[in-house]
Each structure stands twice: as structure tokens, then as C-alpha cells.
Amino acid sequence: MDTLFALTPEDPGSLAVSPLKELGAYEVLWEDPRATFKSLSVKFAEHPGAMPSDFVPPKRALEVAEKVRQSLNASDIGKFGVRVHGAGEYPEKLRDAAYPVELLYFSGWWDLVSSRCVAVVGTRKPSDEGKARTKRIVRELVKDDFTIVSGLAAGVDTVAHETAIDAGGRTIAVIGTPLSHVYPRENAELQKRIASEFLVISQVPVCRYERQDYRRNRLFFPERNITMSALTEATIIVEAGETSGTLIQAKAALQQGRKLFILDSCFKKANLTWPHKLAEQGAIRVKDYEDVRRHLPATPD
């Protein structure tokens, strides 16, 4: 059984949540090589109301928090913050995920999370038609005052973020690395701009990421897709192959009760089976943005 380090009334931090201590405790929980988002979610589910610091000695949590703070500062992150379940402005819609994250790092304008958000995602190697479709859809979403959410990956994600900015809209990047890292490297300036003018979110533990090699760190990317879906009211898939990580987000959207739109062009590719399978599970086939708009009312229900 897990040991809970309960704060007493005399403890200085007992009357308010310390973001620094919580992020440090979150990082300590990830020091266990067996830790996953699923295992941590189960841990917290077994202790309703618990926070990361309830499982970690306060001194250890603060030591690791300082290490993380120094690491982020060394990467020229500037200002950053955290949102922890059970305190402050943690988005309750994240609890719709099968194994919701307990803590998020962010850099930028947090209030964007409360705006109406739609994820636009797809392959890292889109066709020219796919890029054009992404641009058209994003421009229309911006006109309807939606915030564009994507994963800052190469391809469709990059086009979605850049088009939202160029169209005078808002965008959120949910990344599969810590705030202090960039993938792909060519998106370094884009990530920096989004963090400065909009919002970048990460659920990836800094110390664990920096301790592992790239092969194990790749597992963080599909997990962020699940969070991305939970943060939005709908996901639009522009273009994706049979083994695309985008399909993890698609399945999560259906499981979370979110709308899932798949462009008609995906159904017309004879080598793809996933569009038809997802349509059978509740995904919506759309030819253009007018089809999307019919399912996204001007004001939420």
C-alpha cells in the first residue's frame, strides 16, 4: 500500500496548494521505472482527493522541483506554470480520459483552455491536397471563433498551427515532450511563438524524459493525443495512414464522448480501412466545413 504524507494544520503549506511542491512530487512519482500514466491514474483513483505531494516526502518533492525549475530555466523557457487536479484551474474535462493526467505543465495564456477548442490533426507527411484542406478548415474554424488545437508535429499539425496564427486566430499546442524540448527541431521557433502568444501544454515529466533514450520517450506522444482529445470538443482528422498515431486520438475522442470528424477524402483511399471502422463506431464523415458546422452549434449545448 502507498504511504501518504499528510500535511498537518501546522504545516506552512497546509492551507494552500504549492505548485512547486506538486510538480516536484509528480516528477518523483515518475522516478519509478514502472510508472506510466495508467499506473499513476490508478494510484490516484485508489486515493480520492490525493495530490502528488501526498505520496512524496515534502523535502524530496521540493528538491526535485528545484531541479526541474533550473532545467526549464536553462532551456530559456521563461515563465511556466502547472495545473494539478484538485486545485486551481485544472480543466475538469480531462477527467473524461480513461486514465487522466494529474498534472500539466504550461507556458502561455492558460485561459485559452476555457475557450471552444477543436483539434485538427493528421499525418506527418500530408499530400498537397491534405495541406490545402487543413488550411481551409482551420480558416473556417477561426472565423467561427474556435481555438485550434494540435500536437506541433510535422505535417498537418504544423500547417494547422501556422494557419491559425496567419488567420488571426488562437492556437494551443499539446506536445509530446517536456516544455524544455522541441520535436521536430524545425518547429523550435513555432513552439516558442505559441508559448509566447498563445499556449503550449505538456504532461511529460521533465526528469524522466531527460533520463530515458528516445525509444522510450516516443511513448509519450500517443499519450498526449488522448489528452488533446479530452481538452477539445471535437477532433478533425484531415489525412492519416493505417498506423498513424492520429488514430489513437480518434479512438480516445469516441471513448470520451467527443465529436470525431473524418474528411471524406480519407474514405476514398482504397488502401485505408480505419475511416470505415471509425464511422461504424460513431465518427462523422464530412465533405467540407459546412458539414462540420452542422454538428458544432454556435453555442455549446
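Report on the accompanying structure. Note that the coordinates shown come from a computational prediction; the quantities given were computed from them, not determined experimentally. (Residues numbered from 1 in each chain as written. Predicted model: local features only at pLDDT ≥ 70, side-chain atom pairs only at ≥ 80, totals over all residues. Heavy atoms only, no water.)

Quick look at the overall build of the protein chain
What the protein chain contains, in helices and strands, is 13 helices and 9 strands. For 301 residues, the compact-globule formula gives about 19 Å, and the C-alpha radius of gyration of the protein chain, at 19 Å, lands near that figure. Overall, the protein chain is about 60 × 40 × 35 Å in size when its C-alpha atoms are taken along their principal axes. Within the protein chain, the proportion of its 301 residues that are buried is 54%. In the protein chain, the 41 positive side-chain charges and the 40 negative ones have mean positions that sit 5 Å from each other. (Helix = DSSP H or I, 4+ residues; strand = E, 2+ residues; numbered from the N terminus. Rg over C-alpha atoms; globule rule 2.2 N^0.38 Å. Buried < 20%, exposed > 50% of the residue type's maximum accessible area, 1.4 Å probe, protein only. Lys, Arg positive; Asp, Glu negative; His and termini not counted. Charge placed at Lys NZ, Arg CZ, Asp CG, Glu CD.)

Description of the pattern of salt bridges
Tallied over the entire structure, the rule returns 19 salt bridges. For Asp145, the salt bridge is made with Arg170, and the minimal N-O distance between the two is 2.8 Å. Of this pair, Asp145 sits in the loop between helix 4 (128-143) and strand 4 (147-150) while Arg170 is found in the loop between helix 5 (156-166) and strand 5 (171-175), placing the two residues 25 residues apart along the sequence. For Asp145, a relative accessible area of 48% corresponds to the partly exposed category. Its relative accessible area of 18% is what places Arg170 among the buried residues. Two residues, Arg285 and Asp264, come together in a salt bridge whose shortest N-O distance is 2.5 Å. On the criterion of sequence distance, the pair formed by Arg285 in strand 9 (residues 284-286) and Asp264 in helix 11 (residues 264-267) is long-range, its members being 21 residues apart. For Arg285, a relative accessible area of 43% gives the class partly exposed. One salt-bridge network, in which partners are shared between bridges, spans Glu140, Lys143, Asp144, Glu290 and Arg293. (Salt bridge = Lys/Arg side-chain N within 4 Å of Asp/Glu carboxyl O.)

Section: a positive patch on the surface
A grouping of Lys131, Lys135, Arg136 and Arg139 is seen on the molecular surface, where their side chains present a positively charged patch. Considering the arrangement of structural elements, one finds Lys131 in helix 4. (Patch = residues over 30% accessible without salt bridge, like charges linked within 9 Å, V, L, I, M, F, W, Y side chains within 5 Å. Areas by Shrake-Rupley, 256 points an atom, 1.4 Å probe, with all protein chains shown as cover.)

So, the sheet that holds strand 2 (residues 103-108)
Across the sheet, which stays open at both edges, the 9 strands sit in the order 1-2-6-5-4-3-7-8-9 with mixed pairing between neighbours. Two strands bound the open sheet, and with one partner strand each, they are strand 1 (81-84) and strand 9. With strand direction ignored, the average angle separating the axes of adjacent strands in the sheet is 25 degrees. Where strand 5 meets strand 6 (residues 199-202), 4 bridges bridge the pair, whose relative direction is parallel. Paired with Ala173 across the strands is Val200, a residue of strand 6. (Pairing = 2+ DSSP bridges. Axes fitted to C-alpha atoms, helices over the stretch in contact; angles between N-to-C directions.)

With respect to the pairing of strand 2
Across the 6 residues of strand 2, 5 count as buried, placing the element largely inside the fold. The pairing of strand 1 with strand 2 spans 4 bridges and is classified as antiparallel. Its bridge partner lying in strand 2, Val84 is registered against Leu103. Here strand 2 runs beside strand 6; their pairing, made up of 4 bridges, is antiparallel. In the sheet register, Tyr105 faces strand 6, and the bridge partner there is Ser202.

Observations concerning helix 4
An ideal rise of 1.5 Å per residue puts 22 Å on 16 residues; helix 4 measures up with 23 Å between its terminal C-alpha atoms. Every buried residue belonging to helix 4 is among Gly130, Thr134, Ile137, Val138, Leu141 and Val142, and all of these are buried. Down the axis of helix 4, the buried set is contained in an arc of 135 degrees. They therefore lie on one face. Facing away from the buried side of helix 4 by over 90 degrees, the exposed positions are Asp128 and Lys143. Packing partners of the buried residues in helix 4 comprise strand 3 (117-121), strand 4, helix 5, strand 7 (234-237), strand 8 (259-263) and helix 13 (289-295). The first or second residue beyond helix 4 is Asp145, which carries a positive phi of 70 degrees. (Expected span 1.5 Å × (residues − 1). Arc of directions from axis to C-beta. Contact = heavy atoms within 4.5 Å.)

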